[in-house]
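Results of the structural survey
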Amino acid sequence: MGILVARRLLQSVVVILGVTLISFIALHAGGDPTYLFVSERATPEEIALVRQALGFDRPLHVQYLSFVADLARGDFGTSLSYRQPALDIVLGAFPATIELAVFAFAIAIVVAIPLGVVAALNRGTAVDGSITMLGLLGQSIPNFWMGIMLILFFGLYLRWFPISGHVPFLVPLLNGDLATALGNLPRTLYFLVMPGLAVATYSLARNTRLVRSSMLEVLGQDYVRTARAKGLSEQVVVVHHALRNAWLPVVTMVGLEFGFLLGGVVVTETVFSYPGIGRLLFNAINQRDIPVVQAGVILLAGNFILLNTVVDLVYARLDPRVSLTRGRR
Amino acid sequence: MNLRPDPGRAWRSMVRAKWPLLAVAILAVVVVVAAFGPWLAPLDPERQSIASRLSPPGTTGPQGITHWLGSDVLGRDVLSRLLYGARISLLVGLAAIMVGGTLGTLAGLVSGYFGGWVDDVTMRLGDMQLAFPFVLLAIMFLVVLGPGVGNLVLVLGIGQWVTYARIVRAETLALREKEFVEAARALGDSTTTILFRTILPNTVAPLTVIASFNVASVILTEAALSFLGLGVPASVPTWGSMLAESRDTLLANKWWLAVFPGVAIMLTVLSFNIIGDWLRDALDPRLRERQ
């Protein structure tokens, strides 16, 4: 287990360095970024001064190395448009995104498991057919369009849910104000319903199909037949024998999916004017606010890698064979 | 195991499954629309008309022109724009698959056949790319490079190479040790010949399956990027940019501007997904386990 963790951490550092390099290259690929920070009427001398002040006159590799060195000290630079530390701005928008992502993630799992199990147990019937088809449909709907349709129907027509806005839960909680956090919770969830559903649709559909196929595979195994032959009730067979083993591929997939979910959050946040990291990043990219983009990107990638590591460890715990084979390598 | 595609068996299984037939029919319509949109469209998609702006579907305007699917904020005909938009969506999707598929297949072949550090570097690069939500990367590059069909295809294509590289690499690794590859080597065939004439044809079945799922996801991403204003230039009607424009009139409940382009995207993507599903079962049952 220790070797596995160490390997994953080392990999993570390499990947994060790669991510910083890619984002650095992307933002310099459009030419000298100095022109973003001077007015159109600036004289060449003024431009040169600004370029020097911002450090854009140095060779690219020097700029990148100094950036990484700052990063290692926890300094992500100062936002060019907000004039505040970039990390603070990104961290400020992060709780809202976590709330959205976790909520969507929860929908995608809690709804997918019973649907997938029901489909598998009724294989070949109309129930199975409908669930499978709905799964395919869910994977074919752009999540932002899902958001627009939810806004049109549940927001504007039925007026059941708010079409934008956000009530913080994590921020008061992190500040130690438990009473406010709990008081906010019902409204937090209420505001999360529509963006959460929009973000979750794709993952929900994919998880359902995954649970179904995984269950089908397990239900055909000898030990399930043995369990049935022993006269165990169907419920015990399904929950204790089949589902327990059907978990494994689901857990792996679900971990990978969180990254996909975070990607979807960017667009969906824009649809719902949701004050999270996705909308912040999108605005920062448009303003070429390099430090904010870098901080946001690294934070998102770091989260994704962290989650994958956790998923690996959970996987090893759920399936003892995994940790043995990997640990000995 | 014989993995070569068998058209006869494929056709029979398609007729049996029914859904793929419907999907093929929908896609055929989309392809015809994409190819002949300009001739099919009732109106010029750029033709503006202040008099008939924001007319609901089925309204006949003052000049006796019927907007079957309504008109937008500038009085442009939604149906005509939808028909023109099919071309860009399909074109971008297929072109991106060509770019990503070619890059990925080459990388996978070389990686799998030669192994060693080439393999390590390629696969770690792939891991790195997958360790990062692709939409963010695409947004970053498109903001810098500027919108345009070429840039969009390039970015979306680069986003797909890893999938192909992994599949082709795995196949190549297995095929490399097979007798017929050894025989080709013993006969003195060049490495290029072995890679492209001996190994590549045997990876076609899994590649086809991946590609059809991939077109679906690329079309979804293209729509998302166009929705954010990063796709093709604003003057070109695409399904994604039509949805982006619909946002401004959403609160005024002009639902037709948001519903129809979305339905078009959904049906197209759904068709590709259904065909991918069916192809996977028909061509290469082994892939089912790997997905």
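To keep things clear, this report deals only with the structure shown in the data block. Keep in mind the model is a prediction, meaning the values are calculated, not measured.

What follows deals with the overall build of chain A. When its secondary structure is counted, chain A shows 14 helices and zero strands. The order of helices and strands in chain A, counted from the N terminus, is α-α-α-α-α-α-α-α-α-α-α-α-α-α. Dimensions of chain A along its principal axes, counting C-alpha atoms only, are 85 × 60 × 40 Å. For chain A, the proportion of its 329 residues judged to be buried stands at 38%. Counting contacts in chain A only where the partners sit at least 6 residues apart, residues at least 24 apart contribute 74% of the total.

When you go through chain B residue by residue, the secondary structure sums to 12 helices and two strands. Secondary structure elements of chain B occur, N-terminal to C-terminal, as α-α-β-β-α-α-α-α-α-α-α-α-α-α. In chain B, the proportion of contacts linking residues at least 24 apart, taken out of those at least 6 apart, comes to 71%.

What follows deals with the environment of B:Leu83. Residues and elements named next belong to chain B. Here Leu-83 lies in helix α3 (residues 78–114). Classification of Leu-83 as buried rests on a count of 24 C-beta atoms within 10 Å. On a C-alpha basis, the gap between Leu-83 and Ser-246 in space is 17 Å, while along the polypeptide they are 163 residues apart. With residues up to four places along the chain from it excluded, the contact list for Leu-83 reads Val-33, Gly-37, Leu-40 and Ala-41.

Another aspect to go through is the nonpolar core. Formed by 157 residues in total, the largest nonpolar core has its most connected members in A:Ala104, B:Ala138 and B:Ile139. Ranked by the residues each element gives to this core, the list is headed by helix α11 (residues 255–283) of chain B, at 18 residues. Once you skip the residues sitting within four places of it in the chain, B:Ala138 turns out to touch B:Val155, B:Leu156, B:Gly159, B:Thr221 and B:Leu225.

Each partner contributes residues to the interface: chain B has 34 residues there, and chain A has 39 residues. Among the elements of the structure, α4 (116–130), α5 (134–145), α9 (204–227), α10 (239–250) and α11 of chain B are those that each provide at least two residues to the side of chain B that touches chain A. Along the lines of polarity and charge, the residues of the side of chain B that touches chain A split into 29 nonpolar, three polar and two charged.

What follows deals with α9(B). Residues and elements named next belong to chain B. If you check α9, its first and last C-alpha atoms are 34 Å apart, about what 24 residues at 1.5 Å a residue would give, namely 34 Å. The buried fraction of α9 is high, at 21 of 24 residues. Gly-229 sits one or two positions beyond α9 and adopts a positive phi of about 85 degrees.

It is worth spelling out unusual backbone geometry at this point. Working note: non-glycine residues mostly have negative phi, and peptide bonds are mostly trans. Residue and element names in this part refer to chain A. Located in the positive-phi region is Arg-83, a residue other than glycine, with phi close to 55 degrees. By the secondary structure assignment, Arg-83 is in the loop between α3 (60–72) and α4 (86–110). Look at Arg-159: it is not a glycine, yet its phi comes out positive at around 55 degrees. On the secondary structure map, Arg-159 appears in the loop between α7 (143–157) and α8 (170–174).

Turn by turn, an α-helix covers 3.6 residues, leaving residues three or four places apart pointing in a common direction. Residues and elements named next belong to chain A. The end-to-end C-alpha distance of α7, which contains 15 residues, comes to 20 Å, matching closely the 21 Å that a straight helix rising 1.5 Å per residue would cover. Along α7, the sharpest kink reaches roughly 30 degrees, centred on Ile-151. Of all 15 residues in α7, 11 are buried, a share of seventy percent or more. Every buried residue of α7 is listed here: Asn-143, Phe-144, Trp-145, Met-146, Gly-147, Ile-148, Met-149, Leu-150, Ile-151, Leu-152 and Gly-155. Arg-159, located one to two residues past α7, shows a positive phi value of around 55 degrees.

Rules of the game
- Residues numbered from 1 in each chain as written.
- Chains lettered and ligands numbered in written order.
- Predicted model: local features only at pLDDT ≥ 70, side-chain atom pairs only at ≥ 80, totals over all residues.
- Helix = DSSP H or I, 4+ residues; strand = E, 2+ residues; numbered from the N terminus.
- Buried ≥ 20, exposed ≤ 12 C-beta atoms within 10 Å, placed from the backbone.
- Contact = placed C-beta atoms within 7 Å.
- Core = buried A, V, L, I, M, F, W, Y, C linked by C-beta atoms within 7 Å.
- Nonpolar A, V, L, I, M, F, W, Y, C, P; charged D, E, K, R; others polar.
- Expected span 1.5 Å × (residues − 1).
- Bend = angle between axes of the 7 residues up to and from the residue.

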